[in-house]
Amino acid sequence: MNDDSAPTPLPPLEWLRVFEAAARQGTFTAAAEELGLTQAAVSQRIRNLEARLGVPLFVRLPRGVELTTEGESYAPHVRAALLSLERSTADLFSAPRRRLSIAATSATAELWIAPRLPAILKQLPDLQVSLFTIARLGDYAAVNADLEVRFGAGDWPGRQGKKMFDEVLAPVAAPALLARQDRDWRALPQIAVSSLRDGWLDWAAAADVAPPRPPSLRFDTLSQGLAAALAGAGVLLGSLALIEREIAANRLVRLPEPSIRMDDGYWLTWDAASTPYRERGIILEALCALP
């Protein structure tokens, strides 16, 4: 006697792995290249899975494939299950990593990552962390780091990521500089930083305020601009997440002006094809958790 309430037997893991790759890549050929199989082998495993489940998962097109409604519903569950299995396997059985490298801008490395290293090393006392300074996009390929801090919307091809913090900008200055000023702060020297972040004119437009005068000082990095602001050389359009300690210690003061939040932010990213490992998870928790 058949038991209609019995659960459907799970398909072989290999079939599910092939289905997940094909659903993510959009073609059987690309899935075959990723998995080291032939296109025919991928197609056969998909047919076997569809026969087991009793529904079509893909619509075959002249160029590529598209998920059916059933396939679209099934794919995220399969992807989550495979990722959970990978993470558990890595956590339980992978040998501990002894070295790990992070590529980041100088400001992010100094102001965000360095203060959080003690918490990381407390959990991973045997880990050696190397930080590489990135000045331009081409530097990422040169250093080939395990983790990369990137500024953007989080949608880089071939990479996964977790947002570290949003970019919120506001004018700041050293208390000593403001104490000497009896006029509008816009009469003070302005400090500009050359980067992908918004500048003074963008801030003024977004905040709907009158723009300050053209910057008197311009630097290549936020670290340099911050050093000048701390020395009392001028007013900086500061990244609030990166300079929070300077503000808390009263080494910098926020001016009574609006802040603006950029659409882009800072992300900790890694190769999407890499195998999860315990050390990366700990670093993600430490660097992507707001203080």
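Preceding this section is the structure that the text describes.
Residues numbered from 1 in each chain as written. Predicted model: local features only at pLDDT ≥ 70, side-chain atom pairs only at ≥ 80, totals over all residues. Heavy atoms only, no water.

Here we take up the pattern of salt bridges. When charged atoms on two side chains of opposite charge get close, those side chains can pair. For the structure on display, the rule yields 17 salt bridges. Salt-bridge contacts for E14 lead to R17; the nearest nitrogen and oxygen are separated by 3.0 Å. Of this pair, E14 and R17 both sit in helix 1 (residues 13-25), three residues apart, which is roughly one turn of the helix. Between E34 and R24 there is a salt bridge, with the nearest N and O atoms lying 2.7 Å from each other. Taken together, the positions of E34 in helix 2 (residues 28-35) and R24 in helix 1 put the pair 10 residues apart, joining distant regions of the chain. By relative accessible area, which is 38% here, E34 ends up partly exposed. The class for R24 is partly exposed, based on a relative accessible area of 41%. What you see here is one network of salt bridges that share partners, running through E20, R24, E34 and R79. (Salt bridge = Lys/Arg side-chain N within 4 Å of Asp/Glu carboxyl O. Helix = DSSP H or I, 4+ residues; strand = E, 2+ residues; numbered from the N terminus. Buried < 20%, exposed > 50% of the residue type's maximum accessible area, 1.4 Å probe, protein only.)

Roughly 910 Å³ of internal volume is contained in the largest pocket. Around the largest pocket, the lining is made up of 30 residues, and of these L83, E86, Q160, A272 and S274 lie nearest the centre. It is helix 4 (residues 69-93) that provides the largest number of residues to the lining of the largest pocket, a total of eight residues. Of the residues belonging to the lining of the largest pocket, the class tally is 12 nonpolar, six polar and 12 charged. (1 Å grid on protein atoms, 1.4 Å probe; cavity = no way out; pocket = protein on both sides within 12 Å on 5 of 7 lines; lining within 4 Å. Points joined across faces, edges and corners; volume = space filled by probe spheres on them. Nonpolar A, V, L, I, M, F, W, Y, C, P; charged D, E, K, R; others polar.)

Within the secondary structure, A249 is located in the loop between helix 11 (244-248) and strand 10 (253-254). Its relative accessible area of 39% is what places A249 among the partly exposed residues. Through-space distance from the C-alpha of A249 to that of L82 is 46 Å; in sequence the pair is 167 residues apart.

A few words now on the packing of aromatic side chains. The full count for this structure, using the stated rule, is nine aromatic pairs. An aromatic cluster of at least three residues, connected via ring pairs, comprises F19, F28, F58 and Y74. (Phe/Tyr/Trp six-rings, centres within 6.5 Å; stacked < 30°, edge-to-face > 60°.)

Following the sequence through the fold, S101 ends up in strand 3 (residues 99-104). Those residues in contact with S101, other than ones at most four positions away along the chain, are S130, F132, N144, A145, D146 and L147. (Contact = heavy atoms within 4.5 Å.)

It is worth spelling out the environment of W270 at this point. Looking at where W270 falls in the secondary structure, it is placed in strand 11 (residues 260-271). Among the residues examined, W270 registers a relative accessible area of 8% and is labelled buried. Sequence separation between W270 and R159 is 111 residues; the distance between their C-alpha atoms is 5.5 Å. Ignoring any residue separated from it by four or fewer positions in sequence, one finds W270 in contact with D146, L147, G158, R159, Q160, G161, K162, R280 and L284.

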